[in-house]
Amino acid sequence: MDPLLSLFGPVTDETEMPETLPPEVEEGNVEYKLKLVNPSQTRFEHLVTQMKWRLQEGQGEAIYEIGVEDSGVLAGLTDQELDASLNTLDRMAKNLGASITILRQRQIESDEAEERRRAAEVLVRRVPDDQHFIDLRMAVLGNMDTGKSTLLGVLTQGELDNGRGRARLNLFRHLHEIQSGRTSSISHEIMGFNSSGEVVNYSTCGDAEEICEQSTKLITLIDLAGHQKYLRTTIFGLTGYLPHFAMLVVSATTGVVGTTKEHLGFAIALGMPVFVLISKIDICRKSIVNRTIEQLERILKSPGCKKVPMLVKTDDDAITAASTFNSKQIAPIFMISSVSGENLDLLKTFLNILPPLQCPKEREQSLQDHAEMQVDVVYTVPDVGAVVGGNMCRGVIRENDKMLIGPTEDGSFHPIVAHSIHRNKLPCRVVQAGQACSLGLQRLEQRLPRKGMVIVSPSLNPQACMSFEADIFLLFHAKCISKGFQSTVHIGNVRQTATIEAMDKPNIHTNQKAHVVFHFIKQPEFIRVGARLLFREGRTKGMGEVTKILPFEKQECSR
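Residues numbered from 1 in each chain as written. Predicted model: local features only at pLDDT ≥ 70, side-chain atom pairs only at ≥ 80, totals over all residues. Heavy atoms only, no water.

Topologically, Ser-251 is positioned in strand 8 (residues 245-251). Taking relative accessible area as the criterion, Ser-251 reaches 1% and is therefore assigned buried. Only 2.6 Å separates the side chain of Ser-251 from the side chain of Thr-253, close enough to count as a polar contact. Setting aside residues up to four positions removed in sequence, Ser-251 forms contacts with Thr-146, Ser-279, Lys-280 and Thr-292. (Helix = DSSP H or I, 4+ residues; strand = E, 2+ residues; numbered from the N terminus. Buried < 20%, exposed > 50% of the residue type's maximum accessible area, 1.4 Å probe, protein only. Polar contact = N/O pair within 3.5 Å; in protein donor to acceptor, adjacent residues only side chain to side chain. Contact = heavy atoms within 4.5 Å.)

Shown next, in the form of structure tokens:
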């Protein structure tokens, strides 16, 4: 039996819930309620507290199954009972400043002649107190000419493509991208949803400030290059921008070709949940589309991926895929067209319901840690000075906080003041772990920062390193690698050539592991134990994890 069916039971038509649900669990953001009819005041207060807990577990989103027993059996309610339960649920949500949206319903079949009974699935959404909106980041991967930029243009602008790439023009940043039609840099677009699940972009003329103000959920779409020539930039987008999940775009006309497998492999190596989009289905015969689907299913089921492919054809499939996507076991597959608009609504439904993928305990722990922000981009703004952009890895930075930035070429960190903070082009006073922002810096007593630096709290007492130990796994190499091998190493926003100075084996071949010592050849960097790394050199590719940081000595820079 398909693992998906064994978990959720048979899937019905597009407007109905599954026949059975898995038993309720104490943790998570899903709550089962048989009925909520005229609760007492004490009971109502208990229910509100319970909803608050579920919303915290889902970082602002919770799913309520009404008319469902704790065992997962759909008992159903009469029309009057269901209406009363939904009314109580709405009162509970308003008590917390949240909103509800009915996702789907199911009529319960019964052999006895009695009044019809129904069950309902409801999405409850509330923006967390410490955020303006629920924020997710999605990386867009795939080979060149699969329609990635065109799709993002259609999703964010609300107008279908003309078949010649008109929708993608606003996403390109350079003239040569417009002329060639191929992305070579990393671009960001935002897609906002309101409390009713509608896309805000289409009613705001694309103005970023209005989109942020009207959205309860915001998805940052990170458009990455598909050409082999720009693979370095794509890897930096995956490691530096810390996307929560990835969308792999495959053209129905060509199937899995070029860099598609490489992009999928990098996302899986970084522990990133992935779903797949088959584009350009409007210009393909059904037999060709089916061949592409079969090719994808073979790859996703392979030992390297270990995913359960799920073909999304209905709204019910999209809701089921979104609610189970954080398990990282399921790989939903969508078939869409940016020209005809076919199945784009299913993709929007999926993105709207998709819950935050970080565990609440992990997020709480990262918020309490010392502040650490990656420097991914650097600007010089007239009358402002140095401005840096990047992602908050840990902790909290407030306006006018005193921080340290580094390391410099001699491994030191310099004091700065974050005198202004912006998120999504809007000024704010606080930025937290997991959020992307830009900082205006004061008291910068050195030349302009560079990509790969970090901004950290002085209480962290940061130390730079030129050498570190790591456990690596060689994904591919034509022959073997040994001591003295050089490759470009990616660790978070760090991207630098490093040499293997020592190995616990004479050499390793493809699909073999080793414990090695890497040494940066140019300048010291700030990295943490436990950080994931990717290394590449030509067709050679590998992954690993940092196990130990070796003390930095200034004379190492003179090697």
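Let us look at the pairing of strand 29 (residues 540-549). With eight bridges connecting them, strand 22 (residues 467-476) and strand 29 associate as antiparallel partners. Bridge pairing in strand 29 places Phe-476 opposite Lys-541. For strand 28 (residues 532-537) and strand 29, the ladder comprises six bridges, and the chain directions are antiparallel. Its bridge partner being in strand 29, Leu-533 is matched across the sheet by Gly-544. (Pairing = 2+ DSSP bridges.)

With that out of the way, let us pick up a negative patch on the surface. A cluster of like negative charges, contributed by Asp-207, Glu-209, Glu-210 and Glu-213, occupies part of the molecular surface. As for its position among the elements, Asp-207 is in the loop between strand 6 (187-193) and helix 6 (208-214). Classification of Asp-207 as partly exposed rests on a relative accessible area of 34%. (Patch = residues over 30% accessible without salt bridge, like charges linked within 9 Å, V, L, I, M, F, W, Y side chains within 5 Å. Areas by Shrake-Rupley, 256 points an atom, 1.4 Å probe, with all protein chains shown as cover. Salt bridge = Lys/Arg side-chain N within 4 Å of Asp/Glu carboxyl O. Lys, Arg positive; Asp, Glu negative; His and termini not counted. Charge placed at Lys NZ, Arg CZ, Asp CG, Glu CD.)

So, about the packing of aromatic side chains. Counted under the stated rule, the structure contains twelve aromatic pairs. The interplanar angle of 75° and the centroid separation of 5.9 Å between the aromatic rings of Phe-275 and Phe-334 together place this pair among those described as edge-to-face. In this pair, Phe-275 sits in strand 9 (residues 274-279) while Phe-334 sits in strand 11 (residues 330-335), placing the two residues 59 residues apart along the sequence. Comparing Phe-275 with Phe-334 shows no difference in burial state: the two are buried. For the ring pair Phe-413 and Phe-526, a centre distance of 6.2 Å and an interplane angle of 85° mean the geometry is edge-to-face. Of this pair, Phe-413 sits in the loop between strand 16 (401-406) and strand 17 (414-423) while Phe-526 sits in the loop between strand 27 (513-520) and strand 28, placing them 113 residues apart in sequence. (Phe/Tyr/Trp six-rings, centres within 6.5 Å; stacked < 30°, edge-to-face > 60°.)

Most of strand 24 (residues 486-491) sits inside the fold, with five of its six residues counted as buried. As paired strands, strand 24 and strand 25 (residues 494-503) are joined by six bridges and run antiparallel to one another. The residue of strand 25 that forms the bridge with His-490 is Arg-495. The turn linking strand 24 back onto strand 25 is made up of two residues, and Gly-492 within it adopts a positive phi angle of 60°. In terms of strand pairing, strand 24 meets strand 28 through three bridges, oriented antiparallel. Pairing of Thr-488 across the sheet is with Arg-536, part of strand 28.

What follows concerns the packing of helix 2 (residues 41-57) against helix 3 (residues 79-95). Axis separation between helix 2 and helix 3 bottoms out at 9 Å; the angle between their running directions is 65°. Here helix 2 and helix 3 pass one another in a crossing that is right-handed. Contact residues: helix 2 offers Phe-44, Leu-47, Val-48 and Met-51, while helix 3 offers Thr-88, Leu-89, Arg-91, Met-92, Ala-93 and Asn-95. (Axes fitted to C-alpha atoms, helices over the stretch in contact; angles between N-to-C directions. Left-handed = near helix turned anticlockwise from the far one by under 90°.)

Moving on: the pattern of salt bridges. Oppositely charged side chains can pair when the atoms bearing their charge come close. Counted according to the given criterion, the structure contains 18 salt bridges. For the salt bridge of Arg-54 with Glu-24, the shortest nitrogen-to-oxygen distance reads 3.5 Å. You can see Arg-54 sitting in helix 2 and its partner Glu-24 sitting in the loop between helix 1 (3-8) and strand 1 (30-33), a full 30 residues away along the chain. Judged by its relative accessible area of 3%, Arg-54 is buried. With relative accessibility at 23%, the residue Glu-24 sits in the partly exposed group. We note a salt bridge from Lys-541 to Glu-262, for which the minimum N-O separation is 2.8 Å. Here Glu-262 lies in helix 8 (residues 260-269) and Lys-541 lies in strand 29, a separation of 279 residues in the sequence.

The analysis is restricted to geometry; functional conclusions fall outside its scope.
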